[in-house]
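Letter by letter, the chains look like this.
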Amino acid sequence: MTQSAPSIVVLTGAGISRESGLHTFRDADGVWSRVRLEDVATPEGFERDPERVHAFYNARRQGLRDEGVVPNPAHLALARLEREWPGEVLLVTQNIDDLHERAGSTRLIHMHGELLKIRCTLCQRIHAWEGDLDLDEPCPACQARGTLRPHVVWFGEIPLEMERIETALNACGLFVSIGTSGTVYPAAGFVRQARDAGARTVELNLEPSHGASLFDECHHGPASRLVPAFVERLLATQAGSTTP
């Protein structure tokens, strides 16, 4: 890393995938307006009614297979940033879809898990999984039945790879938050952690998040317009050998 190419941490939320045809969670017409999170996104809900939880995530996996659900220009721009930025770029997403991967991002942490993976609660092995899942499905590793669950971080559970994320936040020169409401912790606290470590902080969001006042710079509008323009400016600035 050089002074002219600081490391970058990018946080993305549901807003970046909205223009790809996936529903957000907290908008007026979002997922949580139609189903209680306590029923489908908590360990207790899974214990009470695992069939209902499996049905919910089966439907979401099916949604990812819709022809119209493809990476949008914001996803593609972040993949370009990773390829062309001379410093380190780490993409941390709260999303459980695979649109960043399909766009070409490789330095990626799914802090809330991945929809296209399942985990065995007995042997703890994680497996790729694109189809439906039910209680009768045996674990591909240990063959136990009734032990498989979505590899998704539910409310009350600890997000994944937090140590790696915190190390990157403490070392980055630029923190960018895209398409997130700023209400779900620990992700909502990333801006403060990066700012306290000396990073420049930027919000790109459809509207001001709950933590908008913590950012040095805010731009509001559709992610498919804001993110490509922001990446273009960053790369152009770097090409001019000045610190962004």
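Reading guide: rules and limits
- Residue indices begin from 1 for each chain and proceed along its sequence in written order.
- Per-residue local features of the predicted model are confined to residues with pLDDT of at least 70, and side-chain atom pairs are confined, for both listing and counting, to 80 or more; whole-chain, interface and lining totals are unaffected and use all residues.
- Side-chain numbers come from the whole structure's heavy atoms, not from hydrogens or water.
- Salt-bridge detection follows one rule: a side-chain nitrogen of Lys or Arg within 4 Å of a carboxyl oxygen of Asp or Glu.
- Here's how the labels work: a residue is buried when its accessible area is under 20% of the maximum for its type, exposed when over 50%, partly exposed in between, all with a 1.4 Å probe on protein chains only.
- Here, strands pair whenever DSSP counts at least two bridges between them.
- Helix numbers and strand numbers start at the N terminus; a helix is a DSSP run of H or I with at least 4 residues, a strand a run of E with at least 2.
- For helices, the axis comes from a line fit to the C-alpha atoms of the stretch in contact; other axes are also lines fit to C-alpha atoms, and the angle between any two N-to-C directions lies between 0 and 180 degrees.
- Only heavy atoms matter for contacts: two residues are in contact if any of them lie within 4.5 Å across the pair.

Student: How do you make sense of the pattern of salt bridges when you look at a structure like this?
Tutor: Should the charged atoms of two oppositely charged side chains come close, the side chains can pair. Tallied over the full model, the rule gives 12 salt bridges. The salt bridge partner of Glu114 is Lys117, with a shortest N-O separation of 3.0 Å. The partner of Arg164 in a salt bridge is Glu161, and the shortest N-O contact between them spans 3.1 Å. According to the relative accessible area criterion, Glu161 is partly exposed, its value standing at 42%. When salt bridges with common partners are traced through the structure, they connect Arg36, Glu38, Asp39, Arg48 and Arg52 into a single cluster.

Student: In this structure, what is going on with the sheet that holds strand β1 (residues 8-12)? I would like to understand it.
Tutor: Pairing between the strands of a sheet comes from backbone hydrogen bonds, and it takes one of two forms, parallel or antiparallel. Pairing is parallel in the open sheet, where 6 strands are placed in the order β3-β2-β1-β7-β8-β9. Of all strands in the sheet, those bounded by a partner on one side alone are β3 (108-110) and β9 (217-220). Neighbouring strand axes in the sheet, compared pairwise and without regard to direction, differ in orientation by 15° on average. Here strand β7 (residues 174-178) runs beside strand β8 (residues 200-205); their pairing, made up of 5 bridges, is parallel. Bridging across to β8, Leu174 finds its partner in Arg200. Its contacts with the sheet put helix α7 (residues 162-171) on β1, β2 (89-93), β3 and β7, and the angle it makes with β2 is roughly 130°. Packing of helix α9 (residues 223-239) onto the sheet brings it into contact with β1, β7, β8 and β9, and relative to β8 it is tilted by some 150°.

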